[in-house]
Protein chains: 2
Amino acid sequence: MQSLRLQKYRESHGLFIAEGPKIVGEFLSSAFRIRTIFATESFPEPDRLADARIEFVRISQKELERISLLKTPNQVIALIRIPECRNTPPEVTGNLVLALDRISDPGNLGSIIRTADWFGIKEIICSKDCVDLYNPKVVQATMGSMARVNVTYWPLEDYLPQLQGKVPVYGASLDGGNLYSQKFAENAIIVIGSESHGISENLKPFIFSMITIPGVREQKNTGAESLNASVAAALICSEFRRQHGFLSG
Amino acid sequence: MQSLRLQKYRESHGLFIAEGPKIVGEFLSSAFRIRTIFATESFPEPDRLADARIEFVRISQKELERISLLKTPNQVIALIRIPECRNTPPEVTGNLVLALDRISDPGNLGSIIRTADWFGIKEIICSKDCVDLYNPKVVQATMGSMARVNVTYWPLEDYLPQLQGKVPVYGASLDGGNLYSQKFAENAIIVIGSESHGISENLKPFIFSMITIPGVREQKNTGAESLNASVAAALICSEFRRQHGFLSG
């Protein structure tokens, strides 16, 4: 179990870990294939385990604490099979798609997946050097949204060029146009760059327009130099949805 | 150094840790009093150390790795004095203020402080059971914004009642009014509730209006059940600023 903290062991076993009733529950009702559930008495045995060929093991609180990767283990741990990688990039289907360039913090990737799920974004493309999706910290930070959002690792330098002329590609940047004074296309790709370096130089030629979230710095030369990557992604996604009536109330 | 991971030792020593040139640089140009800087050769010795009575110690990369709390230590570690606690809550000064109720994840608190700084919010009130501001993970997640945003720990059940009739108090909630269809006061308090339980029951009577960030769930009964607390805080802060022309461009 502890070895699954490391990507090489997750890959050799073809397994990853999810913990807690909320997150395990989301995987149970998804297309992911669960191999084993370890649960204390407080977690009710789910229906139809046999049909889905899921092994169910009752453990004590002490055992849970021993095998959990969390500081405060919570009732249940699932071993889940890593699905086969897709070998085609997702098509541009007339939806908003996020493209993540070198996002390295697991909490950020997890939070972005959760945010995408909130806003009904179904596809995320990650550059090959993003943090691994099955990192336990990513899985926990998605709060189960991983079960509903497709995440594909694909070289962005191959993916973005083929979109030219088909769908606008926007990039989050510290020196782009004001997020709140642009009209956005309904279907678009939004590129979010790495926490420390922003969007890679070799991707910039494929970006139709750079977007900046306005803050005090540009007006007063004080304040934070940048926003957290998952916060920036959320602010941009929300504005796209708002402009297209999706969020009007 | 390692003991300063724990709040009780931070309190008994009156010290906390900040790491990396960007974050240490922000503290160097702030009112915080730095006791010691440990730096490798790659970090230039700052001016006026003597005036500020800062001890400056050159260390090797190996020593840095040994004392750092980070996985990838970065040039410099500072021991900084914890300032005296304020014993009055901040006045309502005609600005936007964030009130955080039981935020327990250090990454979330740090990210909220960084976001506040981005949007020019100067005051954050934390309930007494929020994670400690000087937790190293909070400090790192602020990316130095801690040097510009005042964070006060104060019982919200004492603070919020005294605002009644003076300034509107809004709360982030999963069943409030649509964020994008309300007109907000320019000066307000925004309450963000805990990651797992939202806003405490005993604070709800003091909330003038609950706000919800619209997502797909309310329309399609699918998608994430909630957003990360720091993401929710950012979306609300940005909308307040946008409505009051602060961010038009």
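Calculation criteria
- The residue numbering used here restarts from 1 in each chain and proceeds along that chain's sequence as written.
- Note on labels: chains are lettered from A, ligands numbered from 1, in written order.
- Whole-chain, interface and lining totals are the exception, using all residues; otherwise, since this is a predicted model, local features are given only for residues with pLDDT of at least 70 and side-chain atom pairs are given and counted only at 80 or more.
- Note that water and hydrogens are dropped before the side-chain values are worked out from all heavy atoms of the structure.
- For this text, the term disulfide refers to a pair of cysteine sulfurs within 2.5 Å.
- The rule is simple: take the accessible area with a 1.4 Å probe, protein chains only, and divide by the maximum for that residue type; under 20% is buried, over 50% is exposed, in between is partly exposed.
- Here a cavity denotes a set of grid points, spaced 1 Å apart and computed over the protein atoms alone, in which a 1.4 Å probe fits but from which it cannot get out, and a pocket denotes an open set meeting protein on both sides within 12 Å along at least five of seven lines; residues with an atom within 4 Å of a point are reported as lining.
- Grid points are joined across faces, edges and corners, and a volume is the space filled by probe spheres set on the points.
- Helix and strand definitions here come from DSSP, where helices need a minimum of 4 consecutive H or I residues and strands a minimum of 2 consecutive E residues; each element is numbered from the N-terminal end.
- For two strands to be treated as a pair, DSSP must find no fewer than two bridges joining them.
- Lines fitted to C-alpha atoms define the axes here, with helix axes fitted over just the stretch in contact, and angles between the N-to-C directions of these axes take values from 0 to 180 degrees.
- Residue contacts are defined here by distance: any two heavy atoms, one from each residue, within 4.5 Å place the two residues in contact.

J.: Can you help me understand the state of the cysteines in this one?
T.: All names here are of chain A. Using the criterion set out here, one finds zero disulfides over all chains in the structure. C126 takes part in no disulfide bond, and the closest cysteine sulfur, belonging to C130, lies 4.2 Å away. Take C126: its relative accessible area is 0%, and that puts it in the buried class. C237 takes part in no disulfide bond, and the closest cysteine sulfur to it belongs to C126, at a distance of 13 Å.

J.: What is the right way to look at empty space enclosed by the protein in this model?
T.: Scanning the model with the defined rule gives three cavities of 30 Å³ or more in all. Each pocket or cavity is described by its volume, and for the largest cavity that value is around 50 Å³. Broken down by secondary-structure element, the contributors of at least two residues to the lining of the largest cavity are α8 (229–243) of chain A together with α8 (229–243) of chain B.

J.: What's the story with the layout of surface pockets in this structure? I'm lost.
T.: The rolling of a water-molecule-sized probe over the atoms marks out the regions of remaining empty space. All names here are of chain A. Here the second largest pocket is characterised by a volume of approximately 870 Å³. Taken together, 33 residues make up the lining of the second largest pocket; nearest its centre are P83, C85, L133, Y134 and V151. Mapped onto the lining of the second largest pocket, the elements with two or more residues apiece are α1 (7–13) and β7 (150–153).

J.: Teacher, can you tell me more about the sheet that holds strand β3 (residues 55–58) of chain B here?
T.: Two modes of strand pairing occur in sheets, parallel and antiparallel, and in both the strands are linked by backbone hydrogen bonds. All names here are of chain B. Taking strand neighbours across the sheet as the criterion, the four strands line up as β1-β4-β2-β3 in an open arrangement whose pairing is mixed. Looking at the sheet topology across the chains shown, the edges are occupied by β1 (15–19) and β3. Each strand axis lies, on average, 15° off the axis of its neighbour in the sheet, ignoring direction. Sheet analysis places β1 next to strand β4 (residues 76–81), joined by five bridges and oriented antiparallel. Following the sheet pairing, A18 is matched in β4 by A78. Contacts between helix α2 (residues 21–28) and the sheet are confined to β1, β2 (34–39) and β4, with β1 contributing the most and set at about 130° to the helix.

Any link to function would need more than the numbers given here.
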